Amino acid sequence: MGNSVAVRVAAVADLHMRPEVAGRFRPDLLRLGEHADLLLLAGDLTEGGTLAQAELLCAELADLPVPAVAVLGNHDHDRALGYRIAAALSALGVTVLDGDSVVLELAGRRIGIAGVMGGSGGFPGHPGDPDSASPGHRERMLRGPVDAARLAAVLGTLDCDTRVALTHFSPVVGTLAGEPVKIYPGLGCHALAEAIDAGGVTLAVHGHAHGGTETARTAGGVEVRNVAHPVLRRSYAIYEI
């Protein structure tokens, strides 16, 4: 991702904040200014969407030295309190996206970030079945295409030099490699990649696939990064755009 003026993007997902991991990420996050211009948080920031876990998350993210932009993940909605988690993050100065965008001036460039949680929906060869399994499964299978349409719409409104797509669910199967193939349909949606390719995106960041692979591309050649913490095995990855 070369450019004459590189913007350094730190990214991580699936922190799954809970008492057992409280404080684990904070020392590295406080040093972000040495390595990055921006932090992207790609969902499942709490283990089970509780307000106690949200408090731990906010303690981890307080006083960050760089701007932070987030989307929530499915586990952040486990208790139907995602709106409270988003409000707590916003009070810290973290921009939480859900079908909208933000444009930041970084290194003399306008970086536009469009974000949705995304959902399941499947991929060619791995279509899934939205009419089977639990109500939660059906909801996630239907949400993938809906959030893809929302992502496409917001990407079309961005006035910026460089576009970044931030989702929780994966847009491609490439970053799912390592997960059981039978669960691919539940981990993402190809319609997200179609929105990314149509939207002039330079970098797409997601989480959710704990057993997956960090690096892949869309059919249109957009670089995709799975930044789930269990994949990265570090507090964040740094990408230059």
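Residues numbered from 1 in each chain as written. Predicted model: local features only at pLDDT ≥ 70, side-chain atom pairs only at ≥ 80, totals over all residues. Heavy atoms only, no water.

Colleague: How should I be thinking about the packing of aromatic side chains in this particular structure?
Modeller: Each aromatic ring pair is summarised here by two numbers: the centre-to-centre distance and the angle between the ring planes. Applying the stated criterion across every chain yields a total of zero aromatic pairs. Sitting above the plane of the Tyr239 ring, Arg225 keeps its charged end 5.6 Å from the centroid. (Phe/Tyr/Trp six-rings, centres within 6.5 Å; stacked < 30°, edge-to-face > 60°. Lys NZ or Arg CZ within 6 Å of the ring centre and 35° of its normal.)

Colleague: Help me understand the sheet that holds strand S11 (residues 237–240), please; the structure alone is not making it clear to me.
Modeller: Sheet strands pair via backbone hydrogen bonds, and the direction of the pair is either parallel or antiparallel. Taken in spatial order, the five strands of this open sheet run S4-S3-S2-S1-S11, and their pairing is mixed. For this open sheet the edge positions go to strand S4 (95–96) and S11, each flanked by a neighbour on one side alone. Where strand S1 (residues 8–12) and strand S2 (residues 38–42) come together, four bridges link them in parallel fashion. Of the residues in S2, the one forming a bridge with Val12 is Leu41. (Pairing = 2+ DSSP bridges. Helix = DSSP H or I, 4+ residues; strand = E, 2+ residues; numbered from the N terminus.)

Colleague: What should I look at first to understand the pattern of salt bridges in this one?
Modeller: Oppositely charged side chains can pair when the atoms bearing their charge come close. Overall, the coordinates contain 11 salt bridges when judged by the stated rule. Among the salt bridges present, the one from Asp37 reaches Arg8, with a minimum N-O distance of 3.2 Å. In this pair, Asp37 is assigned in the loop between helix H1 (26–30) and S2 and Arg8 in strand S1, connecting sequence segments 29 residues apart. Linked through salt bridges whose partners overlap, the residues forming this network are Asp98, Arg143, Asp147 and Arg150. (Salt bridge = Lys/Arg side-chain N within 4 Å of Asp/Glu carboxyl O.)

Colleague: Sorry if this is basic, but what is going on with unusual backbone geometry here?
Modeller: Negative phi values dominate among residues other than glycine, just as trans dominates among peptide bonds. Backbone geometry at Asp63 places phi at a positive 60°, although glycine is not the residue there. Summarising the element assignment, Asp63 is placed in the loop between helix H2 (51–61) and strand S3 (68–71). Classification of Asp63 by relative accessible area gives exposed; the value is 66%. The backbone phi angle of His208 is positive, close to 80°, even though this residue is not glycine. Along the polypeptide, His208 turns up in the loop between strand S8 (201–206) and strand S9 (215–217). When its relative accessible area of 15% is taken as the criterion, His208 is described as buried. (Buried < 20%, exposed > 50% of the residue type's maximum accessible area, 1.4 Å probe, protein only.)

Colleague: Just checking my understanding: could you explain the UniProt feature "domain: Calcineurin-like phosphoesterase" (unreviewed entry) in the protein chain for this structure?
Modeller: Feature annotation in UniProt places "domain: Calcineurin-like phosphoesterase" (unreviewed entry) on residues 8–211, given in this structure's numbering. When the span residues 8–211 is considered, its composition is 30% helix and 20% strand, and the gap between its end C-alpha atoms is 25 Å. (UniProt positions renumbered as here; feature names shortened; annotations may be inferred.)

Colleague: Hey, could you run me through the nonpolar core in this one?
Modeller: The tendency in soluble globular proteins is for nonpolar side chains to be buried side by side. One finds Leu32, Leu39, Leu40, Val69, Leu89 and Ile113 to be the most contacted residues of the largest nonpolar core, which totals 51 residues. In terms of residue count, S2 provides more of this core than any other element does, five residues in total. Look past the residues within four positions of Leu40 in its chain and what remains in contact with it is Val9, Ala10, Ala11, Val12, Val69, Ile113, Val164, Leu166 and Val205. Among the nonpolar cores identified, the runner-up in size contains 23 residues, and Leu151, Ala191, Leu192 and Val224 belong to it. (Core = buried A, V, L, I, M, F, W, Y, C linked by side-chain atoms within 4.5 Å. Contact = heavy atoms within 4.5 Å.)

Colleague: Would you mind showing me how to read H2 here?
Modeller: A turn of α-helix holds 3.6 residues, and therefore any two residues three or four places apart point the same way. All of the buried residues along H2 are Gln53, Ala54, Leu57, Cys58, Glu60 and Leu61. End-on, the buried residues of H2 take up no more than an arc of 155°, which puts them together on one face. In this structure, H2 carries Ala52 and Glu55 as exposed residues pointing more than 90 degrees from its buried face. Contacts from the buried residues of H2 go to H1, S2 and helix H3 (82–92). Following H2 by one or two positions, Asp63 has its phi on the positive side, about 60°. (Arc of directions from axis to C-beta.)

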